[in-house]
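Each chain, written out:
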Amino acid sequence: MSLNIATASNVTPLPVAAADRPLVRIVIVGHVDHGKSTLIGRLLHETGGIPQQKLDQLKAISARRGMPFEWSFLLDSLQAERDQGITIDTSQIRFRTASRDIVLIDAPGHAEFLRNMITGAAQADAALLLIDAAEGVRDQTRRHGYLLHLLGVKQVAVVVNKMDRVDFAEPAFRAIEAEITAYLADLGVRASAVIPISAREGDGVSERGARTPWYAGPTVLEALDGFDPARAPGDLSLRLPVQAVYKFDDRRIVAGRIETGSLKVGEEIVFQPSGKTAVVKTIESWPVPPAGQERTALRAGAAAAITLDREIFVERGEIISTPASRPHAARRLRVRLFWLADEPLETGTPVIVRLATSEARAHVGTVYQVVDPGHLSTSQENRIGRNQVGEVELVLSRPVAVDPQGVNPRTGRLALEVGGRIAGGGLVISVLDQEAARPAPAARNITPVSSAMTSEERIGRFGHDGAVVWLTGLSGSGKSTLARALERRLFHRGGMATLLDGDTLRAGLNSDLGFSDADRAENNRRLAEVANLLKGLGHIVLVAAVSPSAQARARVRAIVGDRFFEVHVATPLDVCEARDPKGLYAKARAGEIRGFTGVDAPYEAPSAPELVIENDKLDPAAGVDRLEAMLAQAGVFHRPETAVADGAGL
């Protein structure tokens, strides 16, 4: 058996189990003095994890201090802990049972050190909740139970320690068992076992004690073996938070740690929340490996340093994913949190949100409910006090990449900072703005059905590949005019062209959307999904949409993938306003429309579109010529243009 101890003040990555052995991370929590450290010391002893030299050292320490021998001295490594008898650090201890690797996370029980407990519990797959048989269920026991619920720990075994203090009396145990199981059930947590033990004397830890003949359940070690390991990080979608970007000779190296999923050379990736895309060019290693032995793939838990196939600006805090399964890019989050600061958290309170490697200013938009975990009482107050739990809406100053905790726990937990100190922590319950990408179909038990016709058959019929031409520009710039003209010209070529106009879809499919930034982004996403579906069926899809946000258009490009052509219809604002074909500029200038692009809302012109058409300088036919030439040069057409009737398609 191996023994590794890491402390919260010197955090190291948790160990990874051998390929053929599951790894289970278990946090052990309970009221101060209920015996957590003693139980862990006993577990290590009974699994052969404490060398004789260590035992002799512990006994010498106890003798030198004039104290009886304590197993807890193995873990309570700080001098202050030995002097006060209180665990004030968070230790991670690894040992092995017959079937699996166990990492026990010893979290503090004293109320003053709940900050450290969050650090420990947030890494756990399961929990041992410790109760003193003589003292019973305390308020802090309830707080710890609620905190485990808050942090999404659903597997819990209750250990009733110090049964020797009540002479191993069954009635005392049964009373505690009934109270704690009912409390946890109210939280939606089922206790897999309630186990009577004496950690100091060894009863119930690895073997059933002769003094509890009335108990037929598992021992503590058997309960640990009964916990299910979490879904392996490598089985989840790729999440690689960017820690830093380095300029090294002529290379720009993006560095971080793969939290979940895997990464390989040649794979297309997306950076969230920016929406920028690239392909992994190389995986860098130091020292440089011999030619032919370069790394080509990495899995969860690995440190990664990669180069890309193109020069794009990315920064710390972005999260790398695949285009098919990306995290949300969100500014509004619903969060369930545990508050630790002296000053209450209330509507309008400014905080710093830390999630993975990102950091963003935020404020509390709404306090939905407040819970006192000591009494499990819920109120509709608008402030969350110290050691209380609440659900709030956080409004961030900028989008961050995030997953709901149920989708990916590594990118669904956050910490809140006030005045340079951690003031709370919790789970992202849901994303409130509508910039979110959907989970991959496989994650939702969906199996898309492919067309009965092959792409070759469609090319043979229509003479071209599927493609998406995305015309963006101000209202009145001429996007729809160009799209309609190109649609007719492609039709007369014998092609399959389909027009998707932004306003037309807003009259039906997107009628539920307004014109907020989030609604505009969702409008673009739906347009992109429909366009991509039609592209896959061989259509040349012509999208005419203002789409003012560069980030939203980047996301569109990521959704569509290859054969996507961004076309900027660059008509000056004064020309668009003079045309005003729908009368919208006049209404915006009169104050009847708010947030109108070009008047009181910005338009972010494309920085590198496939084509720019200055529509105020070209007649419609010349603009269509340029669009058709763009498609021809890209190899979309597979047969030469046929003659069209005079004036057809301009």
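Residues numbered from 1 in each chain as written. Predicted model: local features only at pLDDT ≥ 70, side-chain atom pairs only at ≥ 80, totals over all residues. Heavy atoms only, no water.

Chemist: Before we move on, can you summarise the packing of aromatic side chains with the specific residues and values?
Modeler: Both the distance between ring centres and the angle between the ring planes are used here to describe each pair of aromatic rings. Tallied over the entire structure, the rule returns 5 aromatic pairs. Judged by centre distance (6.2 Å) and plane angle (80°), the rings of Phe173 and Tyr215 are edge-to-face. Of this pair, Phe173 sits in helix H6 (residues 170-186) while Tyr215 sits in the loop between strand S7 (190-196) and helix H7 (220-226), and the two are 42 residues apart along the sequence. The pair Phe173 / Tyr215 is uniform in exposure class, with both members buried. Taken together, a centroid distance of 6.4 Å and an interplanar angle of 45° make the contact between Trp470 and Phe564 tilted. Note that Trp470 is positioned in strand S25 (residues 467-472) and Phe564 in strand S28 (residues 564-569), a separation of 94 residues in sequence. The exposure class of Phe564 is buried, given its relative accessible area of 6%. An aromatic cluster of at least three residues, connected via ring pairs, comprises Phe173, Trp214 and Tyr215. The ring of Phe515 is capped by Arg506, whose NZ or CZ atom sits 4.0 Å from the centre of that ring. (Phe/Tyr/Trp six-rings, centres within 6.5 Å; stacked < 30°, edge-to-face > 60°. Helix = DSSP H or I, 4+ residues; strand = E, 2+ residues; numbered from the N terminus. Buried < 20%, exposed > 50% of the residue type's maximum accessible area, 1.4 Å probe, protein only. Lys NZ or Arg CZ within 6 Å of the ring centre and 35° of its normal.)

Chemist: How would you sum up the nonpolar core? Please name residues and give values.
Modeler: Looking at soluble globular proteins, one finds that nonpolar side chains tend to be buried together. Counting 34 residues, the largest nonpolar core has Val158, Val160, Ile180 and Leu184 as the members making the most contacts within it. Counting residues per element, the ones that place at least two in this core are strand S2 (23-30), strand S4 (101-106), strand S5 (126-132), helix H5 (139-150), strand S6 (155-161), H6 and S7. Here this core takes 5 residues from H6, the largest share from any one element. Once you skip the residues sitting within four places of it in the chain, Ile180 turns out to touch Leu129, Ile131, Val137, Thr141 and Val158. Within the second largest apolar cluster, 29 residues are counted, among which are Ala199, Val205, Val220 and Phe227. (Core = buried A, V, L, I, M, F, W, Y, C linked by side-chain atoms within 4.5 Å. Contact = heavy atoms within 4.5 Å.)

Chemist: I'd love a proper account of the confidence of the model for the protein chain, names of residues and values included.
Modeler: Here the protein chain averages 81 in pLDDT, and 85% of its residues register 70 or above. Confidence over residues 1-19 falls short of pLDDT 50; this stretch has 46 contacts with residues more than four positions distant or in other chains. Below a pLDDT of 50 lies the segment residues 109-121, which in the model reaches 44 contacts outside its immediate sequence neighbourhood of four places, other chains included. (pLDDT = per-residue confidence, 0-100.)

Chemist: Which residues make up the sheet that holds strand S15 (residues 319-321), and what values go with them?
Modeler: The strands making up a sheet are joined through hydrogen bonds of the backbone, oriented either antiparallel or parallel. Read around the closed barrel, 6 strands run S8-S9-S14-S12-S11-S15, paired in antiparallel fashion. In this sheet, adjacent strand axes meet at a mean angle of 50° when their direction is disregarded. Across 4 bridges, the pairing between strand S11 (residues 268-272) and strand S12 (residues 276-283) is antiparallel. Bridge assignment links Glu268 to a residue of S12, and that residue is Val279. (Pairing = 2+ DSSP bridges. Axes fitted to C-alpha atoms, helices over the stretch in contact; angles between N-to-C directions.)

Chemist: Please give an account of the pattern of salt bridges that cites residues and values.
Modeler: Side chains that differ in charge, positive against negative, can pair when their charged atoms come close. Tallied over the full model, the rule gives 41 salt bridges. Of the charged contacts, one joins Arg211 and Asp203 as a salt bridge, the two residues approaching to 2.6 Å between their closest N and O atoms. Since its relative accessible area comes to 40%, Arg211 is described here as partly exposed. With a shortest N-O distance of 3.1 Å, Arg208 and Glu222 are connected by a salt bridge. Here Arg208 is found in the loop between S7 and H7, whereas its partner Glu222 is found in helix H7, with 14 residues between them in sequence. On the basis of relative accessible area, Arg208 is assigned to the partly exposed category, the value being 45%. A relative accessible area of 38% means that Glu222 is categorised as partly exposed. (Salt bridge = Lys/Arg side-chain N within 4 Å of Asp/Glu carboxyl O.)

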